[in-house]
Amino acid sequence: VIKGLEKDYTYSPMAAYVGFSYETGKPTGLLDAKEINAKKAPTTIQKSSDDNDKIIETEREVTYTIKGTVPYVPETDDNPYYHIMDRLTGAVYNVDANSILNENVKIGDEASYVYDKDHQVVAIDASTGTEIIQNFDLDLSELLDDNLYANQTITITYSATVKDTVIGNEVVAGDGTNDGYNKYGSDNDKLIGGEVTLTKKNNKDTVLAGAEFVLVKKIANEVSEGEEQTYTLKYATVDSNNMLTGWVDNEKDATTLTTDVNGTITVKGLDSTATYEFKETKAPEGYSINETNAVINWGTPDSELSTPVQGTSTMVDSELAALPETGGMGTTLFTI
């Protein structure tokens, strides 16, 4: 009995006759072993997303791709199983009205295999409280019948919508049992978003509460060579935790952001590769609105993609009473 062991591969059980060589009816002491063909299948699997820089806004759709190899199973295995198990955190699967995931399964480079099971329902684990966790278990055991698809590439794609600033996605291929949970390989893909904190101060470096802002996104328009760059402006909406929920075309429909007692506002779920600005819409009492939008300075993304990218922004307001006076009445009466 021969057991094959090799990293990233699984071997089928092998057996071969081994006997002694005979000369003139007597054993020579030399073994007469026959050569056998070892049957193995890769156990590697790859997980990737279509967001190449790995930094993404909340409410954005992301497409995930799983690539693996359909395993070869020995004829002695009378009840073979092949499962693709996926676990998603910080995002939700895009499903139909019946909570069925609209995944696409493809075998090989050209031939398509249609997975038409109607019981593929996303399971939502609500035991973690506020953390978003979803998972699915795709039973592809029928691919193992007669080893028709053995050692061929399998590609699975589906989409999800980002809901948090740290998004994890792990895939495991196995036989669905504890012992064979990771039998055919595993991989993970991570995405993160950004968090920015605006600090509002006066010219004496005192923080200001009660200043109101909207967050503006500047999207560069295509222009011909030599033309001045123009932008399309979008305005942010956020939830009660200041997590980005979307963009609107009109400023009046945006969410008003108000500085707290520390003079700060934090907005979460942004893409640090995009261009955002804070526009002041109402100054605290006794101050004038700063007409220049506040820009954002982003830090460096965590190499492990385990924490959000951090950004900072600062704006200074002038006190109305501090406007300069020049000769005679100056500006006092007009200020009052």
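Check the entry above for the structure.
In this text, all values refer to a predicted model and were calculated from it rather than measured experimentally.

Cut-offs and rules
Residues numbered from 1 in each chain as written. Predicted model: local features only at pLDDT ≥ 70, side-chain atom pairs only at ≥ 80, totals over all residues. Heavy atoms only, no water. Core = buried A, V, L, I, M, F, W, Y, C linked by side-chain atoms within 4.5 Å. Buried < 20%, exposed > 50% of the residue type's maximum accessible area, 1.4 Å probe, protein only. Helix = DSSP H or I, 4+ residues; strand = E, 2+ residues; numbered from the N terminus. Contact = heavy atoms within 4.5 Å. Salt bridge = Lys/Arg side-chain N within 4 Å of Asp/Glu carboxyl O. Pairing = 2+ DSSP bridges.

A. Here's a closer look at the nonpolar core. With 30 residues, the main nonpolar core has Tyr82, Ile84, Ile154 and Ile156 as its most contacted residues. Of all the secondary-structure elements, those providing two or more residues to this core are β7 (61-69), β8 (83-89), β9 (91-93), β10 (104-107), β12 (133-139), β13 (153-162) and β14 (166-174). For this core, the leading source of residues is β13, giving 5 residues. In contact with Ile84, not counting residues within four places along its chain, are Ile45, Ile66, Phe136, Asp137, Leu138, Leu140, Ile156, Val171, Val172 and Ala173. Core analysis: the next-biggest nonpolar cluster, separate from the first, contains 17 residues, Leu198, Ala236, Val238 and Tyr276 among them.

B. Representation of the pattern of salt bridges within the structure. Tallied over the full model, the rule gives 12 salt bridges. Two residues, Glu57 and Lys217, come together in a salt bridge whose shortest N-O distance is 2.9 Å. Here the residue Glu57 occupies a position in the loop between β6 (46-49) and β7, and Lys217 occupies one in strand β17 (residues 212-220), the gap between them amounting to 160 residues. When its relative accessible area of 14% is taken as the criterion, Lys217 is described as buried. Of the charged contacts, one joins Asp249 and Lys234 as a salt bridge, the two residues approaching to 2.4 Å between their closest N and O atoms. A residue pair is termed long-range when its members are at least 10 positions apart, and Asp249 in the loop between β19 (244-248) and β20 (257-258) and Lys234 in strand β18 (residues 231-238) qualify at 15 residues. Look at Lys234 and you get partly exposed, because its relative accessible area is 24%. Among the charged side chains, a salt-bridge network with shared partners connects Lys200, Glu280 and Asp317.

C. Region of the structure containing the pairing of β8. Counting buried positions along β8 yields 6 of 7 residues, so the element is predominantly enclosed. With 7 bridges joining them, β8 and β12 adopt antiparallel strand pairing. Considered in β12, the bridge of Ile84 is made with Leu138.

Purely geometric stuff here, so don't read any function into it on its own.
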